[in-house]
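Observations on chain architecture
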Amino acid sequence: MTCCRYFVVFIFAAVLPLMLHATSDDSLVMLDPYEVKSYLENYATGDSFTALRVNASLLEIPLSTSVITNGLMLDQGVTDVNSAMRNISGAQHVQGGSEFQNYYFTRGMPNFYYRDGFRMELAGGNITPNITSIENIEVLKGPSSILYGMGTPGGIVNFNSKRPLFQNSQSWQVTAGSNSHVRGDLDITGSATEQFAYRLIGSWDDAKSYRDSVSNTTTYLNPSAIVKIGTNSQLFVMIDYAKQELVPDGGIPTRPDGSLPVWATNATNVSTSFNTTTPRTTLVDYASTRYLAELSIKVRPNYEFRVVASQMNFDHKGSEMANNMLDSAASGVPGFLGPDQLLRVWNSKYGTREVSVLRVENLLDWDHQLGSAQLEHQLLFSLEYGETDTDMTTSMQDHEIVDFNTRLATPVWQYFSPFLGTTKDGQLIYDRGTDGSTHRETSFAIQDNIRLSESWRLLLGLRYEENHAELKSDRENFVIGSTPAPIETHIRSEATEGRLLPRVGLLFLARPQIALFFNYLTSFIPAGPTQIGKNGLIPPETGDQFETGVKYELVPNRLFATASVFKIRRKAIATFYQDLTTFATYWKASDTEESSGFEMELTGTVAKGLNLVGHFGYLDNKVTGTDVIRKIDRRRHALSKVTASLWATYAVQTESFKGLRLGFGAFHSGPQYLEDYNTIEIAGRTLCDAMIGYVHNRWSAQLNIHNLFDHHYYFPA
């Protein structure tokens, strides 16, 4: 979708409510001011926007929602959002490689991540949201397709951006840490007039690693503004720019039996080139620019209109890295690899992705009498159009053969030249493909959050979504470089898929601070443009969840606890297969998976100056259906059955030590499997962090120690 088309639709959508307002006799209504809370004094926000897309109390929402506040992230000294996720029950960050840095599993299911309510596509890579610009992180557990479109049934992770304030404020921060980590942040906000407020957030981060040559350099800029139009409307605009260059961490290679090479140490980086004859440089280079405009108008006291346009341009400037392809193990591969040899290939990727979304929302508060009952409705009508255009080129070529015992590396062409003679371009394996895809989604959703009585709340929702996918794929490849002509394939496909999705929730307030709730939620993921089966695009994936739980506000607006049990079913999972007879590759939508478990969280202030956040989660995840029989009833790799955390900070209350703050936390993750067959298990880990800080007037200093007791552990990829 072009910018001009966006502008026309945006103006039309904005003029409509203004016309309605012009014909109304109601007096002008002031918008509620943007509320700033003291997160440093309280980790519990008390409300959520992501769950319903209307402001609602966490206590009265029949859904499981968790919020990570900006103050909690500051106290813990996290410099990347992945570290913050360990505070949430049911959410686990999984190492997704260099391209998928924000790869989360919620309740055992992989999920998308969102920025300000808009899905950030993962295809081709993504840039980690900058912690400096994040106001809070909301985790909505369970299927959320009713409001956010296609998605897995585990839930969503939504990063909400900071907005301009009409109070002048400046924040400058310099951070230095181990492994030559240097970071600078600035945050300036204020008002130029009574109608105009601005905010400028910037950051530069340069981080090395204990791993050889691994690095990550990010430049970030985030200007935004709020313009009050009259007394009843407001326009928010924002630009979000990030550039990231990194040398990825390739982990440590293991054999199928879990054994490690003797030459591998904590510092070994296997994504780099080992051979010195034809060395190559590993580097991933990203740039991303996101534009957001949101117009909100309170047409009448009980009717608000919002129109939001978002466009994100992602430039995958290039990535170069080595990957392990084939391990001959001790037996060797006759005619190909000798014993204990590892074939490594060189992967390259570059391209662009553009994601454009227009969302129009109508919010209506409506009361009416039904018999003797007075019903109160929070109605949300949403219309959304989105388009994703991706143009990505990937290539794979052989690189080197490594002796697993000695680490001696030989270029592949040099290794095979005595047997095959001169190879084509010095390559035995070569694969290059260019995929151009377009995905469009159009949807209409209606949601009603009903207050049936003093004690009962009912949530009803329905969404219809239609997805259209187009693919243009050209591929050239050959195996054994002496083949005279490469194999070429050209795929053109197009498909449309529609789905109706329901959402139901019921909540009972047993007491003013205690609520019991139940929900049934659904999800839907259409086939991606590149997911070609034997007979065209594969069928869509579906999911649903049953959940029941209790919410307890132990101290009003200060201390909040939740506990719930759930069961999630995921069907028709897209899986990539290879026919071992013909070596043909294709997609199938046949796998099924289930997750069930128990979660509990406690967040808030337990005493004056003492804040805490903690959780416990138990997860039973298993594959229930697949063509690979060995995986049935097995747990997905890299997921722990048990996770737990507890973080507490104390602001010293005595006058002589006023301003001194102390913090301590423990984070536990149980044993995990390295692969989906569940044959190799790595031990669980418990890590401890500590913090000491001092605040004096406008200045503060803070020291954070992560992994306080220097515990060594393996993290599965």
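Above this text you will find the structure in question.
Cut-off values and rules
- Once a new chain begins, its residue numbering starts again from 1 and follows that chain's sequence as written.
- Only residues with pLDDT of 70 or above have their local features reported here, since the model is predicted, and side-chain atom pairs are shown and tallied only from 80 upward, although totals for entire chains, interfaces and linings are computed over all residues.
- To obtain the side-chain values, all non-hydrogen atoms of the structure were used and water was disregarded.
- Note on conventions: DSSP H or I runs of at least 4 residues are helices, E runs of at least 2 residues are strands, and numbering of each starts at the N terminus.
- Only protein chains enter the accessibility calculation, which uses a 1.4 Å probe; a residue is then buried when its area is under 20% of its type maximum, exposed when over 50%, and partly exposed in between.
- Whether two residues touch is decided by their heavy atoms; if any such pair falls within 4.5 Å, the residues are in contact.
- Classification of ring pairs uses Phe, Tyr and Trp, with its six-membered ring standing for Trp, and accepts pairs whose centres are within 6.5 Å; under 30 degrees between planes counts as stacked, over 60 as edge-to-face, and the remaining range as tilted.
- Ring-over charges, as used throughout, are those where CZ of Arg or NZ of Lys falls within 6 Å of the ring centre and within 35 degrees of the ring normal.
- At least two bridges found by DSSP between two strands is the condition for calling them paired.
- Note on geometry: axes are C-alpha line fits, over the in-contact stretch for helices, and angles between N-to-C directions span 0 to 180 degrees.
- Working definition of a nonpolar core: buried Ala, Val, Leu, Ile, Met, Phe, Trp, Tyr and Cys residues. They are joined through side-chain atoms within 4.5 Å.

**Points about the overall build of the chain**
- Scanning the chain for helices and strands turns up 5 helices and 36 strands.
- For the chain, buried positions account for 51% of its 717 residues.
- A fraction of 67% describes how many contacts in the chain between residues 6 or more apart in sequence connect residues 24 or more apart.

**Side note on the packing of aromatic side chains**
- Using the criterion set out here, one finds 7 aromatic pairs in the structure.
- Positioned above the aromatic ring of F274, the side-chain terminus of R344 is 4.4 Å from the ring centre.

**Considerations on the sheet that holds strand β6 (residues 109–111)**
- Strand order in the open sheet formed by 3 strands is β4-β5-β6, and the pairing between neighbours is antiparallel. The open sheet has two edge strands, β4 (91–93) and β6, and neither has a second partner. With strand direction ignored, the average angle separating the axes of adjacent strands in the sheet is 35 degrees.
- Of the pairings in the sheet, the one linking β4 to strand β5 (residues 104–106) comprises 3 bridges and is antiparallel in character. Its bridge partner being in β5, H93 is matched across the sheet by Y104.

**Description of the environment of P110**
- Mapping P110 onto the fold places it in strand β6.
- Overall, P110 belongs to the buried group, its relative accessible area being 10%.
- C-alpha separation for the pair P110 and G151, spaced 41 residues apart in sequence, amounts to 9.3 Å.
- The contact partners of P110, leaving out residues within four places of it in the chain, are Y103, Y104, F105, T152, R570 and R636.

**Examining the environment of L619**
- Relative to the helices and strands, L619 resides in strand β30 (residues 610–625).
- Judged by relative accessible area, L619 falls into the buried class, the value being 7%.
- Sequence separation of L619 and K567 is 52 residues, and the distance between their C-alpha atoms is 9.9 Å.
- When residues no more than four places from it in sequence are discounted, the contact partners of L619 are Q92, R107, G108, F566, S595, S596, L639, S640 and K641.

**Some remarks on the nonpolar core**
- One finds I68, M73, M85, I137 and F159 to be the most contacted residues of the largest nonpolar core, which totals 41 residues.
- If sequence neighbours within four positions are ignored, M73 has contacts with I68, V78, A84, I131, I134 and I137.
- Counting residues in each nonpolar core, the second largest holds 18 residues, with A51, V54, A56 and L521 among its members.

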